[in-house]
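Per-entry structural report
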Amino acid sequence: MEPINLNRLAYFAAVVDAGSFTRAAERLGVAKTVVSQQVARLEAELQASLLMRTTRRVEPTAAGRLLHARSVLILREAEDALGEIARANAEPMGVLRVAAPNDYGASVVAPLAAAFSRRHPACQVELVLSDARIDLVAHQIDLSIRVGWLGDSSLQARRIRGFRQFLVAAPAVAAAFPAAVPGDLATAPFIANGALREPLAWTFTRAGAEGGAGVERQEVRMRRALTINNTPAVLAAALAGGGLAVLPDFLAAEPLAAGRLVALLPAWSLPEGGIHAVYPTARFRPPKVTAFVALLMAGARRATPA
């Protein structure tokens, strides 16, 4: 048997429910000839008579009654499915899987996920924290937060905010290694972040000294004292006096403000990075994704250091 055009079930069911082709056409908002043609083609495809036509009413045959009973179930399931999709596209619901690196995920994304869950109780958030690059499609990730510098990708991305990097140390360590220029710190103990491609090589820049034009640049290779492949752990080691460290502003801001860390070389700057929301290419973005990105953007505007 050739595949059946399931749209014709709707015409057939409407005729049985209405008891006539005319009333079925009125309910469906189409011409009577369209209904008649669709039912006739369905009978031809099935090679079975489905309706008995009288002068007063159209009645289903035995085969028609069987098909009508099944058609009602099929059409009801289809309506329910379409209704669920419409509701899902009207408000965030279902499971939202978000991937993020350990540092930004724990300090920023996790609190926002909690706020999102309270605001949208019909949506459950699954937060996957990993410093490894996750395949969004293979792991069914709706949204990934990536910190640093984006490479070439077929994925779609939206910039959430930028971030600054600071060379920091505990006050006692900073006092032991006074420095006027980056090169003065090349021999100081340094906590290398093993999650970075080049954890020891850093480029510092500052505006031309004493009003001079241009930008002064110094490249320094730090002396490794510790290597830790997790940024929050690098912060913990720096607070414990393990050495100098480079930390992003979203981790360094609070301990710097509290005086538990000191920023070295304040006149010099390290490269700034970006925080992006990355998602698989799709024509339509589900409300759960757009709502979560909007919350990330709002949180970034409130929290970005001056």
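Let me begin by describing the structure that accompanies this report. (Residues numbered from 1 in each chain as written. Predicted model: local features only at pLDDT ≥ 70, side-chain atom pairs only at ≥ 80, totals over all residues. Heavy atoms only, no water.)

1. Structural notes on the overall build of the protein
Counting secondary structure elements, the protein contains 9 helices and 14 strands. Within the protein, the proportion of its 306 residues that are buried is 39%. Within the protein, residue pairs in contact and separated by at least 24 positions form 72% of the contacts whose partners lie at least 6 positions apart. (Helix = DSSP H or I, 4+ residues; strand = E, 2+ residues; numbered from the N terminus. Buried < 20%, exposed > 50% of the residue type's maximum accessible area, 1.4 Å probe, protein only. Contact = heavy atoms within 4.5 Å.)

2. Digging into the layout of surface pockets
As a volume, the largest pocket reaches approximately 950 Å³. Lining the largest pocket are 29 residues, and of these Val 147, Gly 148, Trp 149, Ala 195 and Leu 196 sit closest to its centre. A total of 5 residues in the lining of the largest pocket trace back to one element, the largest contributor, which is strand 5 (residues 143-148). The residue inventory of the lining of the largest pocket, partitioned by class, reads 17 nonpolar, 6 polar and 6 charged. (1 Å grid on protein atoms, 1.4 Å probe; cavity = no way out; pocket = protein on both sides within 12 Å on 5 of 7 lines; lining within 4 Å. Points joined across faces, edges and corners; volume = space filled by probe spheres on them. Nonpolar A, V, L, I, M, F, W, Y, C, P; charged D, E, K, R; others polar.)

3. Brief notes about the pattern of salt bridges
Where charged atoms of side chains with opposite charge meet at close range, the side chains can pair. Under the counting rule described, the total for this entry stands at 8 salt bridges. For Arg 206, the salt bridge goes to Glu 216, with nearest N and O atoms at 2.8 Å. Taken together, the residues Arg 206 in strand 9 (residues 201-207) and Glu 216 in strand 10 (residues 215-221) connect sequence positions 10 residues apart. The partner of Arg 260 in a salt bridge is Glu 254, with the nearest N and O atoms 2.7 Å apart. By relative accessible area, Arg 260 is classed as partly exposed at 40%. (Salt bridge = Lys/Arg side-chain N within 4 Å of Asp/Glu carboxyl O.)

4. Digging into the environment of Ala 188
Looking at the element boundaries, Ala 188 is found in the loop between helix 6 (171-176) and strand 8 (189-193). What makes Ala 188 buried here is its relative accessible area of 1%. Sequence separation of Ala 188 and Arg 224 is 36 residues, and the distance between their C-alpha atoms is 8.6 Å. Once residues within four sequence positions are removed from consideration, Ala 188 is found in contact with Phe 177, Arg 223 and Leu 244.

5. Notes on the sheet that holds strand 12 (residues 245-248)
Across a sheet, paired strands are connected by hydrogen bonds in the backbone, their directions being either parallel or antiparallel. The 3 strands lie next to each other as 12-7-13, forming an open sheet whose pairing is antiparallel. In the strand order of this sheet, the two ends are held by strand 12 and strand 13 (262-263), each with one partner. Pairing of strand 7 (residues 165-169) with strand 13, which is carried by 2 bridges, proceeds in the antiparallel orientation. Residue pairing in the sheet places Ala 169 in a bridge with Val 262 of strand 13. Along the sheet, helix 8 (residues 249-258) makes contact with strand 7, strand 12 and strand 13, crossing strand 12 at roughly 105 degrees. (Pairing = 2+ DSSP bridges. Axes fitted to C-alpha atoms, helices over the stretch in contact; angles between N-to-C directions.)

6. A short note on the sheet that holds strand 5
Across the sheet, which stays open at both edges, the 5 strands sit in the order 4-3-5-14-6 with mixed pairing between neighbours. Two strands bound the open sheet, and with one partner strand each, they are strand 4 (123-129) and strand 6 (156-163). Taken over all neighbouring pairs, the strand axes of this sheet differ in orientation by 20 degrees on average, direction set aside. Bridge analysis of strand 6 against strand 14 (residues 273-279) gives 7 bridges, and the strand direction is antiparallel.

7. So, the environment of Arg 224
Tracing the sequence through the fold places Arg 224 in strand 11 (residues 223-228). For the pair Arg 224 and Ile 191, spaced 33 residues apart in the sequence, the C-alpha separation amounts to 6.2 Å. In this structure Arg 224 touches Phe 190, Ala 192 and Leu 200, once residues within four positions along its chain are discounted. Polar side-chain contacts of Arg 224 include one of 2.8 Å to the side chain of Thr 227. (Polar contact = N/O pair within 3.5 Å; in protein donor to acceptor, adjacent residues only side chain to side chain.)

8. Here we look at helix 2 (residues 21-28)
For helix 2, the set of buried residues is Phe 21, Ala 24 and Ala 25. Down the axis of helix 2, the smallest arc covering the buried residues is 100 degrees, so these residues share one side. Facing away from the buried surface of helix 2 by more than 90 degrees, the exposed residues are Glu 26 and Arg 27. The elements touched by buried residues of helix 2 are helix 1 (7-18), helix 3 (32-46), strand 1 (51-53) and strand 2 (58-60). Here helix 2 starts with a cap whose side-chain oxygen sits 3.0 Å from the backbone nitrogen of Arg 23, and that cap is Ser 20. (Arc of directions from axis to C-beta.)

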